[in-house]
Amino acid sequence: MTDTPRTILLFGLVLGLIVMTGFTTSWNVALNIFNMGLISAIMALGVNMQWGYAGLLNVGVMGFVALGGLGAVVVSMDPVDEAWAAGGLGIILALLIGFGTVLAAIVAWGRIPAGRTRVLTLLAILIIGFFVYRALFDPAVAAIEAVDPAATGYLGGLGLPVLLAWPAGGLLAAGAAWIVGKTALGLRSDYLAIATLGIAEIIIAVLKNEDWLSRGVKNVIGLPRPVPYEVDLQNDPGFVARVEGFGFDPVTASSITVKLAYSGLFIIVLLVLIWLTQAALNSPWGRMMRAIRDNETAAEAMGKDVKARHLQVFILGSAICGLAGAMMTTLDGQLTPGTYQPLRFTFLVWVMVIVGGSGNNFGAVLGGFLIWFLWVMVEPYGLAAIEFATAGLPDGSALKDHLLDSAAHMRLLTMGVILLVVLRFSPRGLLPER
Amino acid sequence: MVDFLNALVALLNFVIVPATAYGSQLALGALGVTLIYGILRFSNFAHGDTMAFGAMVTILVTWWLQSMGVSLGPLPTALLAVPAGIAATALLLLGTDRVVYRFYRRQRAAPVIFLIVSLGVMFIMNGLVRLIIGVDDQRFADGERFIISARDFKELTGLREGLAIKTSQGITVVVTVIAVALLFWFLNRTRTGKSMRAFSDNEDLALLSGINPERVVTITWLIVAALATVAGVLYGLDKSFKPFTYFQLLLPIFAAAIVGGLGNPLGAIAGGFVIAFSEVTITYAFKKVATYILPEALSPSGLVQLLSTDYKFAVSFAILLIVLLFRPTGIFAGKKL
């Protein structure tokens, strides 16, 4: 925090932009941007830990975010008892056998001396395990998915309070990160990038296709909320009397109250995370991390366990992304696996971190708010710009219609230009690491 | 015996022919990635979108040609439009190099920085493609659909299984063979190609012996533009053109390049086929083949499909991981052009 005035100025500027939206458009829109900005800031904090602290190139953010969303579903939805009765046991047994097979294969690989015996044993374990697994798994899945497929057709969750889902989403992402890190972290940086890219695609494929787990593309809707419902507020005479006393319309006031409640929860999480990440960055651990990033060989020569530290920071960063994913799913009230797109959930977060300033937590948070604001606002501004540019063309001309339809894609172009401009002229970002 | 022939034809029809076409497309894509890695020394994440851009220009020119009434008879008109696509893509890539990459090359920036810069380029190209042609599926194949259709094959041979070879699949293989032959002739026989290989092997030594690095880089981008456009058009002819699928092709293409050894053109081709064949084999339901070969009593009740097709990315990914864990430089040791 050497550059305090600059930090305050830039944060003030971004908040000013959001407040301005509140005045010019509507407070609902402004609060939506603000809430998603908070979530984006948390994702950016996670990526900043990995890239800014340790120099790890994780382009699988989308996967960890989606896993967090799955965590929200698994924790907070009510269990579907019939589905559990139909195939719960089979699924659990099958998963245990699948897990046992992999474990047995790993043990066999370590115990048996290299040679033909090892390869043959390994193949035998994997093939037999796979067929046993499929034999148990397939009927169980069919049984579960047959249970009232229009409404449920999945196992449901644990029925716990949804706030518990946030740390649970983080844990789920951390578990996945452990597996990825164990296999891929020893690789060169660009191989790690490809590996994480692949993991993210696979996680999304699982969410889309394993209907017994996440209902797939049928989406899980109606997740429980940590805040009151708008309708309940509107039916609460005390609330209506109070807001009418201030001269507000009860309908608008209720939706703004709900959004403010979310903002409050998210701000608490963000503040705690900033405090934790700042403390970590300024501790001996943080200095060691940066030393490893700047010169791996030297750090290793000083007796630092580079591989273990990389794994640690990779898991921590992914857990934060998972937490953000769970929060986002809670805010949306639904899990829609079909909407996870790498450009939006991986690469946009990268733009946030780079533009904000990699290695600086406040920079990441700033980038999260700023880039999210631009991502949302470029569309109407782009539309206005194109309308202005095509004003001379006759109405109904094919070119004009096409351009107006395409205005939504302006945002990708804009993000690319922003990223390149920042990388070229201010490679350390808006708030550089000190 | 007839059952065996039927099984063989079914296997050819559903596994070998599609996988050969897909493998050729991946190989062309992986060649581009590998060339950039060998000469410019970074992993280009914008490659999938470069392919999409080249294919898009080709499609637009194809539509224009079609509207003028030009056609190639049984062959798709798109073949006539490919040179235009290559030219436009080459301009785009050379422009990007001028405006973006050259700055970092002069600074001798780390490969990771190049990679992140290529993310920015990816955003821009992706946005451009969506802005110009939109996000929807576009079909632009015309001419004869099949070299031999399933029904003709059945009538010809009297077998119960049909073998269909699409024109696009035939063209894919022929064009790939020509492109690869040209590329290897260029790299191994011409002065410029040899200077490229020298540059890739040892940059400093190449500079000492008077090779102009900017010229090498320019030629690399030109070749990459050609390879990417051809790969994109062939993939679009064979399947269909949708910007998002081109972005997703990034994973199998990189897997192919890495499996074969990044920087090694021969490896990229082998890697493309390895990935394509494993993807198609593992996600194909072997019920049909098995019913022909196995005796009645053993005939399978299920589909005999190892993985559903939705998990085809998992296949390229698994192969990638296995190769990286056990042979980190790829099947053919990487980094040799």
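Worth saying up front: this structure is predicted, and the values here are computed from it rather than measured. (Residues numbered from 1 in each chain as written. Chains lettered and ligands numbered in written order. Predicted model: local features only at pLDDT ≥ 70, side-chain atom pairs only at ≥ 80, totals over all residues. Heavy atoms only, no water.)

With reference to specific residues and values, describe the environment of Arg411 of chain A.
Residue placement: Arg411 of chain A occurs in helix H18 (residues 410–425). Residues in contact with Arg411 of chain A, not counting those within four places in the same chain, are Trp375, Val376, Val378 and Glu379 of chain A. (Helix = DSSP H or I, 4+ residues; strand = E, 2+ residues; numbered from the N terminus. Contact = heavy atoms within 4.5 Å.)

Quick one: what's the story with the nonpolar core, residue by residue and with numbers?
Membership of the largest hydrophobic core comes to 233 residues, with the highest contact counts inside it found for Phe347 of chain A together with Phe45 and Phe241 of chain B. Here this core spans two domains, since at least three of its residues come from each of domain 1 (4–79 + 156–425) and domain 2 (80–155) of chain A. Other than its neighbours up to four places away in sequence, Phe45 of chain B contacts Val59, Ala193, Ile194, Leu197 and Phe347 of chain A together with Leu115, Ser118, Leu119, Met122, Leu250 and Phe254 of chain B. Formed by eight residues, the second largest nonpolar core is a distinct cluster that contains Ala10, Ala19, Tyr284 and Tyr292 of chain B. (Core = buried A, V, L, I, M, F, W, Y, C linked by side-chain atoms within 4.5 Å. Buried < 20%, exposed > 50% of the residue type's maximum accessible area, 1.4 Å probe, protein only. Domains from an automatic or database assignment.)

Can you break down the interface of chain A and chain B residue by residue, with the values?
Listed as interface residues are 45 residues of chain A and, on the opposing side, 47 residues of chain B. Surface buried jointly by chain A and chain B totals about 4100 Å² across both partners, of which 77% is contributed by carbon and sulfur atoms. Summed over the three residues of chain A that lose the most area to chain B, namely Tyr191, Ile194 and Arg424 of chain A, the buried surface amounts to 15% of that side. Applying the counting rule to chain A against chain B returns zero salt bridges. Of all the elements in the fold, those that place two or more residues in the side of chain A that touches chain B are helix H5 (116–145), helix H7 (189–209), helix H15 (342–356), helix H17 (398–406) and H18 of chain A. In terms of residue class, the side of chain A that touches chain B is built from 30 nonpolar, nine polar and six charged. (Buried area = accessible area lost by both parts, 1.4 Å probe. Salt bridge = Lys/Arg side-chain N within 4 Å of Asp/Glu carboxyl O. Nonpolar A, V, L, I, M, F, W, Y, C, P; charged D, E, K, R; others polar.)

Can you explain the packing of helix H2 (residues 27–53) of chain A against helix H12 (residues 284–294) of chain A? Please cite residues and give values.
All names here are of chain A. Closest axis-to-axis distance for the H2/H12 pair is 9 Å, and the angle between their directions is 55°. Comparing the axis directions of H2 and H12 gives the class oblique. Here Met49, Trp51, Gly52 and Tyr53 of H2 come into contact with H12, specifically with Trp285, Met289, Arg290 and Arg293. (Axes fitted to C-alpha atoms, helices over the stretch in contact; angles between N-to-C directions. Parallel < 35°, antiparallel > 145°, perpendicular 65-115°, else oblique.)

Go over the pattern of salt bridges, please, and point to the residues and values.
Tallied over the full model, the rule gives eleven salt bridges over all chains. A salt bridge links Arg41 of chain B to Glu203 of chain B; its shortest N-O distance comes to 3.3 Å. Taken together, the residues Arg41 of chain B in the loop between helix H1 (2–40) and helix H2 (47–67) and Glu203 of chain B in helix H8 (residues 203–208) connect sequence positions 162 residues apart. With a relative accessible area of 24%, Arg41 of chain B lands in the partly exposed category. The class of Glu203 of chain B is partly exposed, set by a relative accessible area of 24%. The closest approach of N and O atoms between Lys166 of chain B and Asp238 of chain B, which form a salt bridge, is 3.5 Å. Taken together, the residues span a long stretch of sequence, with Lys166 of chain B in strand S2 (residues 165–166) and Asp238 of chain B in helix H9 (residues 213–238) at a distance of 72 residues. Its relative accessible area of 7% is what places Asp238 of chain B among the buried residues. Through salt bridges with shared partners, one network takes in Arg293, Asp294 and Glu433 of chain A.

Which residues make up the domain arrangement of chain A, and what are the values?
Residues and elements named next belong to chain A. The domain boundaries assigned to chain A delineate domain 1 (4–79 + 156–425) and domain 2 (80–155). Regarding the contact of domain 1 and domain 2, the summed buried area is about 1000 Å², with carbon and sulfur atoms giving 54% of it. There are zero salt bridges connecting domain 1 and domain 2. Between the two partners, domain 1 and domain 2, sit seven residue pairs in polar contact (both at pLDDT 80 or more). Among the elements that line the side of domain 1 that touches domain 2, the one with the most residues is helix H8 (residues 211–214), at three residues. For the side of domain 1 that touches domain 2, the per-class residue count stands at six nonpolar, two polar and five charged. (Polar contact = N/O pair within 3.5 Å; in protein donor to acceptor, adjacent residues only side chain to side chain.)

Would you mind going over the layout of surface pockets in detail, with residue names and values included?
Considering only enclosed or pocket space, the second largest pocket measures out at about 890 Å³ in volume. Lining the second largest pocket are 37 residues, and of these Trp51, Gly55 and Arg293 of chain A together with Val112 and Ile113 of chain B sit closest to its centre. Those elements that provide at least two residues to the lining of the second largest pocket are H2, H7, H12, helix H13 (296–301), helix H14 (306–332) and H18 of chain A together with helix H3 (78–107) and helix H4 (111–133) of chain B. Class assignment for the residues of the lining of the second largest pocket results in 19 nonpolar, nine polar and nine charged. (1 Å grid on protein atoms, 1.4 Å probe; cavity = no way out; pocket = protein on both sides within 12 Å on 5 of 7 lines; lining within 4 Å. Points joined across faces, edges and corners; volume = space filled by probe spheres on them.)

Summarise the environment of Ala270 of chain B; cite the residues concerned and give the values.
Residue and element names in this part refer to chain B. Looking at the secondary structure, you find Ala270 in helix H12 (residues 265–283). You can call Ala270 partly exposed: its relative accessible area is 25%. When the C-alpha positions of Ala270 and Phe332 are compared, they lie 9.1 Å apart, and in sequence the two are 62 residues distant.

Tell me about the side chain of Thr34 of chain B, and please be specific about residues and values.
Residue and element names in this part refer to chain B. Along the chain, the position of Thr34 falls in helix H1. Under the relative-accessibility criterion, Thr34 is labelled buried at 0%. Setting aside chain neighbours within four positions, we find Thr34 in contact with Ala257, Gly261, Leu262, Gly263, Asn264, Pro265 and Ala268.

Talk me through the packing of aromatic side chains; I want residue IDs and the actual numbers.
Summed over all chains, the structure comprises 24 aromatic pairs over all chains. Taken together, a centroid distance of 5.8 Å and an interplanar angle of 80° make the contact between Phe130 of chain A and Phe131 of chain A edge-to-face. Its relative accessible area of 28% is what places Phe130 of chain A among the partly exposed residues. Judged by centre distance (4.9 Å) and plane angle (80°), the ring pair of Tyr284 of chain B and Phe286 of chain B falls under edge-to-face. (Phe/Tyr/Trp six-rings, centres within 6.5 Å; stacked < 30°, edge-to-face > 60°.)

Talk me through H3 of chain B; I want residue IDs and the actual numbers.
Residues spaced three or four apart along an α-helix point in a common direction, a consequence of the helix completing one turn every 3.6 residues. Compared with an ideal rise of 1.5 Å per residue, which puts 30 residues at 44 Å, H3 of chain B spans 41 Å between its outermost C-alpha atoms and is within 8% of the ideal. Phi turns positive one or two residues past the end of H3 of chain B, at Arg108 of chain B, with a value near 55°. (Expected span 1.5 Å × (residues − 1).)

Give me a nonpolar patch on the surface: which residues, what numbers.
Residues Val119, Leu120, Leu123, Leu126, Ile127 and Phe131 of chain A together with Leu306 of chain B make up a contiguous nonpolar surface patch of roughly 630 Å² in combined accessible area. Residue position: Ile127 of chain A is located in helix H5. For Ile127 of chain A, a relative accessible area of 45% gives the class partly exposed. (Patch = residues over 30% accessible without salt bridge, like charges linked within 9 Å, V, L, I, M, F, W, Y side chains within 5 Å. Areas by Shrake-Rupley, 256 points an atom, 1.4 Å probe, with all protein chains shown as cover.)

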